[in-house]
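Results of the structural survey
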Amino acid sequence: MDMQTSFLDRLFESGLLIDTGVDGLYGRSGQFEDVISAFERLIDKFGGADGAEAIRFPPGMNRAFFEKSGYMKSFPQLAGTVHSFCGNELDHMSLLKCMEVGEDWTKDQEATDIVLTPAACYPLYPTVAKRGHLPESGALFDLQSYCFRHEPSKDPTRQQLFRMREYVCMGTDKHVTDFRQSWMDRGIEMMKAVGLEVTIDVANDPFFGRAGKMLANNQRDQNLKFELLIPITSPANPTACMSFNYHQDAFGAKWGLNFEDGSVAHTACVGFGLERIALALFHHHGLDTKEWPESVRRALWG
Ligand code: ATP
Ligand code: ZN
Ligand code: MG
């Protein structure tokens with residue numbers, strides 16, 4: 001194969017990813033999905049005994065909760081909102097005219113009550129807060145959702161709509177940081193089982209603007225975010241395939257996640273980037289799963 005052919009081109013040629021004409025928006029083949037399903041079963045195997053409550057939200061969330069989350073303060077450049085036509089027949093006529101002559105027909109679309117989910121855990125906090133006090137022993141949740149981020153790229157590991165599997169832990173400082181540490185250990189072990197070399201490093205989010213620099217530095221200095229990195233499209237800049245986030249009591253305070261005695265819960269979440277993990281596997285073991293090393297196939301398909 002031509003050395004100049006990019007990984008994305010090879011993914012398109014093999015049919016694993018399907019071009020839609022938009023960077024970062026891809027269809028996936030059955031084989032690609034088989035790898036994601038198998039890897040999710042491996043996640044179940046590692047996390048299954050913890051007794052997490054499984055919840056699946058759709059890829060859109062309540063706009064009021066999104067607003068309260070503060071996402072627009074930190075990452076306005078990444079957010080995606082759902083807008084719809086809400087006009088009358090006259091408005092409809094001018095809409096169609098607009099489309100006909102190739103003018104911008106989207107400017108009269110109105111915001112709906114739905115925003116695209118930016119990370120799988122965002123809809124969870126208000127949901128749990130509504131239930132009342134947290135039990136003394138804390139709470140653990142198992143989530144998976146398509147997430148949207150407006151970051152179009154030719155790098156197949158940076159998509160605009162991708163799936164995030166998450167475990168979210170709520171409890172005391174010690175409880176949630178122990179939870180986070182145990183998933184860092186498990187993450188390394190799981191990737192080893194599927195033949196992937198990883199490193200773990202501190203990280204920070206791309207908080208927007210000049211004020212955001214300070215937030216990013218603080219996140220890094222306080223070790224609030226770690227990433228599990230695997231070289232995929234660039235050996236020099238390995239790709240984050242998992243992240244391990246400690247929110248201290250920020251989300252607890254924001255959403256009112258309290259214990260019976262009124263103290264505020266700490267939270268942590270661990271996210272698996274499912275497309276990135278699949279892409280790491282295809283990059284390292286080849287584009288045909290039948291050709292993958294026997295040990296890797298066994299770890300994934302038994
Ligand atoms: P990056 O630094 O690469 O932008 P991130 O820090 O924004 O990643 P998180 O917000 O921690 O990522 O999301 C959890 C996981 O979701 C990441 O570790 C990654 O595996 C996956 N992920 C994040 N953004 C994307 C994306 N644009 N496309 C595919 N997977 C993604
Ligand atoms: Zn999260
Ligand atoms: Mg990012």
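Residues numbered from 1 in each chain as written. Chains lettered and ligands numbered in written order. Predicted model: local features only at pLDDT ≥ 70, side-chain atom pairs only at ≥ 80, totals over all residues. Heavy atoms only, no water.

**So, empty space enclosed by the protein**
Under the criterion given, the structure shown has one cavity of 30 Å³ or more. Taken together, Ser69, Tyr122, Tyr125, Phe251, Lys254 and Trp255 form the lining of the largest cavity. With three residues, the top contributor of residues to the lining of the largest cavity is helix H9 (residues 250-255). Its residues assigned to classes, the lining of the largest cavity comprises four nonpolar, one polar and one charged. (1 Å grid on protein atoms, 1.4 Å probe; cavity = no way out; pocket = protein on both sides within 12 Å on 5 of 7 lines; lining within 4 Å. Points joined across faces, edges and corners; volume = space filled by probe spheres on them. Helix = DSSP H or I, 4+ residues; strand = E, 2+ residues; numbered from the N terminus. Nonpolar A, V, L, I, M, F, W, Y, C, P; charged D, E, K, R; others polar.)

**Remarks on the site of ligand 1**
As a matter of local geometry, ligand 1 sits amid 16 residues, with Glu151, Gln159, Lys225, Ser243 and Arg276 nearest to it. Contacts to ligand 1 include Arg158, whose side-chain N or O atom sits 2.9 Å from an oxygen atom. Between ligand 1 and the protein, one listed contact pairs an oxygen atom with a side-chain N or O atom of Glu227 at 3.1 Å. If you list the elements that add at least two residues to the shell around ligand 1, you get strand E8 (161-171), strand E10 (225-230) and strand E11 (239-246). Per element, the largest residue contribution to the shell around ligand 1 is four residues, and it comes from E11. When its residues are assigned to classes, the shell around ligand 1 shows five nonpolar, four polar and seven charged. (Near = heavy atom within 4 Å. Polar contact = N/O pair within 3.5 Å; in protein donor to acceptor, adjacent residues only side chain to side chain.)

**Regarding a negative patch on the surface**
Together, Asp91, Glu103, Asp104, Asp108 and Glu110 give the surface a local cluster of negative charge. In this fold, Asp108 is placed in the loop between helix H5 (89-100) and strand E6 (110-116). Here Asp108 falls in the exposed class, since its relative accessible area comes to 55%. (Patch = residues over 30% accessible without salt bridge, like charges linked within 9 Å, V, L, I, M, F, W, Y side chains within 5 Å. Areas by Shrake-Rupley, 256 points an atom, 1.4 Å probe, with all protein chains shown as cover. Salt bridge = Lys/Arg side-chain N within 4 Å of Asp/Glu carboxyl O. Lys, Arg positive; Asp, Glu negative; His and termini not counted. Charge placed at Lys NZ, Arg CZ, Asp CG, Glu CD. Buried < 20%, exposed > 50% of the residue type's maximum accessible area, 1.4 Å probe, protein only.)

**Here's the deal with the sheet that holds strand E4 (residues 60-62)**
Overall, antiparallel pairing links the three strands, which are arranged E4-E6-E5 in an open sheet. Since the sheet does not close on itself, it has two edges, and those belong to E4 and strand E5 (81-84), each with one partner. Averaged over all neighbouring strand pairs, the angle between strand axes comes to 50°, with direction disregarded. As judged from the three bridges shared by E4 and E6, these two strands associate in the antiparallel manner. Bridge pairing in E6 links Asn62 to Ile114. (Pairing = 2+ DSSP bridges. Axes fitted to C-alpha atoms, helices over the stretch in contact; angles between N-to-C directions.)

**Some remarks on the domain arrangement of the chain**
Domain annotation for the chain reports domain 1 (7-79 + 118-301) and domain 2 (84-115). The centre of domain 1, based on its C-alpha atoms, is set 35 Å off from the matching centre of domain 2. The interface of domain 1 with domain 2 comprises six residues on the first partner and five residues on the second. For the pairing of domain 1 and domain 2, the buried interface totals around 430 Å² over both sides, and the portion due to carbon and sulfur atoms is 56%. Linking domain 1 to domain 2 there are zero salt bridges. Of all elements in the fold, only E4 and helix H3 (63-69) reach the threshold of two or more residues within the side of domain 1 that touches domain 2. Top element by residues in the side of domain 1 that touches domain 2 is E4. It accounts for three residues. Tallied by class, residues from the side of domain 1 that touches domain 2 come to three nonpolar, two polar and one charged. (Domains from an automatic or database assignment. Contact = heavy atoms within 4.5 Å. Buried area = accessible area lost by both parts, 1.4 Å probe.)

**Quick word on the nonpolar core**
Counting residues in each nonpolar core, the largest one holds 49 residues, and the members touching the most others are Phe39, Trp183, Val194, Phe272 and Leu281. Here the element with the most residues in this core is helix H2 (residues 30-47); it accounts for eight residues. Residues in contact with Leu281, not counting those within four places in the same chain, are Val35, Val194, Leu196, Gly286, Trp292, Val296 and Leu300. The next biggest cluster of nonpolar side chains, apart from the first, holds 33 residues, and it includes Phe141, Ala216, Phe251 and Cys269. (Core = buried A, V, L, I, M, F, W, Y, C linked by side-chain atoms within 4.5 Å.)

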